[in-house]
Amino acid sequence: MADYFFSTKALNVGYDGKPLIKDINLGIKKGEIVTLIGPNGSGKSTILKSVTKQLKLIAGVVEIDGEDLNGITAKELAKKLAVMLTERMKTELMTCRDIVATGRYPYTGRLGLLTPEDEAIVDEAMESVMVTEIQNKDFNAISDGQRQRVLLARALCQKPQIIILDEPTSFLDIHHKLGLLSLLRTMAKENDITVIMSLHEIDLAQKISDRVICVKGDYIYKSGTPAEVFNDEMVRNLYGIDKGSYDSLFGSIELPRPAGTPEVLVLSNCGKGIPVYRQLQKENRAFAAAVVYENDMDYAAAKHLAAEIVTEKPFCEISDETYEKTCRLMESCSEIIDAGVAVGPGNRRMEDLLERAKASGKLVKHG
């Protein structure tokens, strides 16, 4: 693992000398974003605490830039590695700026006095995570979301080579989640800072990570790039999902499809059926979708939500079999919804299907 900036070898982590997760072998390069995902209680936080000296290692080795973690002093480690864990800080009479400024202490003398250069770094860190306006507020009097951003600013003040974060998006609204993750991406790719974190939001993990580590049971369940890790079967197995599904294309969790025989047929393409699918799902009405090409956005949603789906191969004309199957659904369903159909040379028969639907008296135009 000499090519890796951060690595673990045969690492066992746990509590009171008893391993919770065994044989963890990781190699992470400078500037990579690596995310740990997995169910609650799977050991993600335990791993992060162990590789930051918050917990004693049970077995194995952690190396930073080829140096054994156990041989690095606390002050030197603080210059290499910044940590943002989930535990609440206990502070008394400290402003947000005071908290952020503690990130510079590894660089100060015995008296802990900040130089003008240190103060400028504090300013820069607070501005980067948008907490300058609350710098004079009592740290204990701010919201959980604001507290997360203040702690991130403190981590940035350390000017670390590695930053380790445990669920950094917890308590943040969408605006600040996106802002925080965008900042981490900038840090990693422009400043060559290695980012190791745990996330509950697997859609965000899929979008930001260079590599993903799946934690479940006694060992690392799976690791790889997002393309290698995120698929419906893997997510189901990792989280024990027996209801609903995971859509790797959209990076979203889908609730279970309504059960039963379809009572509604939705005619659509080009993504126009998706809002109708979701509305019918909310109403718990089983529906069928037609005619959906397998490269259409509607197909990506219908395969998770529709009780029945009539498909056609990409760029092919609608076959007699597909046409007849749709006609049978028109007869059996009590309602037909035209969610919006774009007709071209390959799907001319959709015009015929729409005419038949209209003649049946069941057709409803959506929107």
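Rules used throughout
- Residues numbered from 1 in each chain as written.
- Predicted model: local features only at pLDDT ≥ 70, side-chain atom pairs only at ≥ 80, totals over all residues.
- Heavy atoms only, no water.
- Helix = DSSP H or I, 4+ residues; strand = E, 2+ residues; numbered from the N terminus.
- Buried < 20%, exposed > 50% of the residue type's maximum accessible area, 1.4 Å probe, protein only.
- Expected span 1.5 Å × (residues − 1).
- Contact = heavy atoms within 4.5 Å.
- Pairing = 2+ DSSP bridges.
- Axes fitted to C-alpha atoms, helices over the stretch in contact; angles between N-to-C directions.
- Disulfide = S-S within 2.5 Å.
- Patch = residues over 30% accessible without salt bridge, like charges linked within 9 Å, V, L, I, M, F, W, Y side chains within 5 Å.
- Areas by Shrake-Rupley, 256 points an atom, 1.4 Å probe, with all protein chains shown as cover.
- Salt bridge = Lys/Arg side-chain N within 4 Å of Asp/Glu carboxyl O.
- Polar contact = N/O pair within 3.5 Å; in protein donor to acceptor, adjacent residues only side chain to side chain.

J.: How do you make sense of unusual backbone geometry when you look at a structure like this?
T.: Glycine aside, the phi torsion of most residues is negative, and most peptide linkages are trans. Its identity is not glycine, yet Ala10 carries a phi of approximately 50 degrees, on the positive side. Structurally, Ala10 is set in strand 1 (residues 6-15). In this structure, Asp192 takes a positive phi of about 60 degrees despite not being glycine. Structurally, the position occupied by Asp192 is in the loop between helix 6 (174-191) and strand 8 (194-198). Overall, the relative accessible area of 38% leaves Asp192 in the partly exposed class.

J.: Looking at this model, I keep getting lost on helix 4 (residues 116-128). Mind explaining?
T.: Owing to its 3.6 residues per turn, the α-helix brings residues three or four apart onto one side. Between its first and last C-alpha atoms helix 4 spans 18 Å; for 13 residues at 1.5 Å apiece the expected length is 18 Å, and the two agree. In the core, the buried residues of helix 4 are packed alongside helix 3 (96-101) and helix 5 (144-157). Met130 sits one or two positions beyond helix 4 and adopts a positive phi of about 60 degrees.

J.: Please explain the sheet that holds strand 2 (residues 18-28) as it appears in this structure.
T.: Across a sheet, strands are paired by hydrogen bonds formed along the backbone, either parallel or antiparallel in direction. Strand order in the open sheet made by the 4 strands is 2-1-4-5, with antiparallel pairing throughout. Each having just a single partner strand, strand 2 and strand 5 (67-68) make up the two edges of the open sheet. Bridge count between strand 4 (residues 59-64) and strand 5: 2 bridges; the pairing is antiparallel. What sits directly across from Ile64, in strand 5, is Glu67.

J.: Which parts of the structure should I look at to understand the sheet that holds strand 14 (residues 287-293)?
T.: Strand order in the open sheet formed by 5 strands is 15-14-13-16-17, and the pairing between neighbours is parallel. Both edges of this open sheet fall to strand 15 (308-312) and strand 17 (363-365), since each of them pairs with a single strand only. For this sheet, the mean inter-axis angle between neighbouring strands, taken without regard to orientation, is 20 degrees. Of the pairings in the sheet, the one linking strand 13 (residues 264-268) to strand 14 comprises 4 bridges and is parallel in character. Paired with Leu267 across the strands is Ala290, a residue of strand 14.

J.: What is the right way to read the state of the cysteines from this model?
T.: Every disulfide links exactly two cysteines, by a covalent bond between their sulfur atoms. Under the definition given, this model contains 0 disulfides. Not engaged in a disulfide, the cysteine Cys327 finds its nearest cysteine sulfur in Cys333; these two sulfurs lie 12 Å apart.

J.: How should I be thinking about a nonpolar patch on the surface in this particular structure?
T.: Taken together, the side chains of Leu249, Phe250 and Met297 define a hydrophobic patch exposed on the protein surface, amounting to about 310 Å² of accessible area. Position of Leu249 among the secondary structure elements: in the loop between strand 11 (245-247) and strand 12 (252-254).

J.: Help me understand the side chain of Asn347 in this model?
T.: Mapping Asn347 onto the fold places it in the loop between strand 16 (335-340) and helix 13 (349-360). Of note is the side chain of Asn347, whose polar atom sits 3.0 Å from the backbone oxygen of Ala342. In contact with Asn347, other than residues within four places in its own chain, are Asn269, Tyr293, Ile318 and Ala342.

J.: I would appreciate a short explanation of the pattern of salt bridges in the present structure.
T.: For the coordinates displayed, the defined rule picks out 18 salt bridges. Glu76 is the partner of Lys79 in a salt bridge, and the nearest nitrogen-oxygen pair spans 3.6 Å. Remark: Glu76 and Lys79 occur in helix 2 (residues 74-80); sequence separation between them is 3 residues, near one turn of the helix. Owing to a relative accessible area of 27%, Lys79 belongs among the partly exposed residues under this scheme. A residue is classified by how much of its surface remains accessible, and Glu76, at 39% relative accessible area, is partly exposed. Notably, a salt bridge pairs Asp123 with Arg97, separated by 2.7 Å at the nearest N-O pair. Taken together, the residues span a long stretch of sequence, with Asp123 in helix 4 and Arg97 in helix 3 at a distance of 26 residues.

Just distances and angles here, no functional claims.
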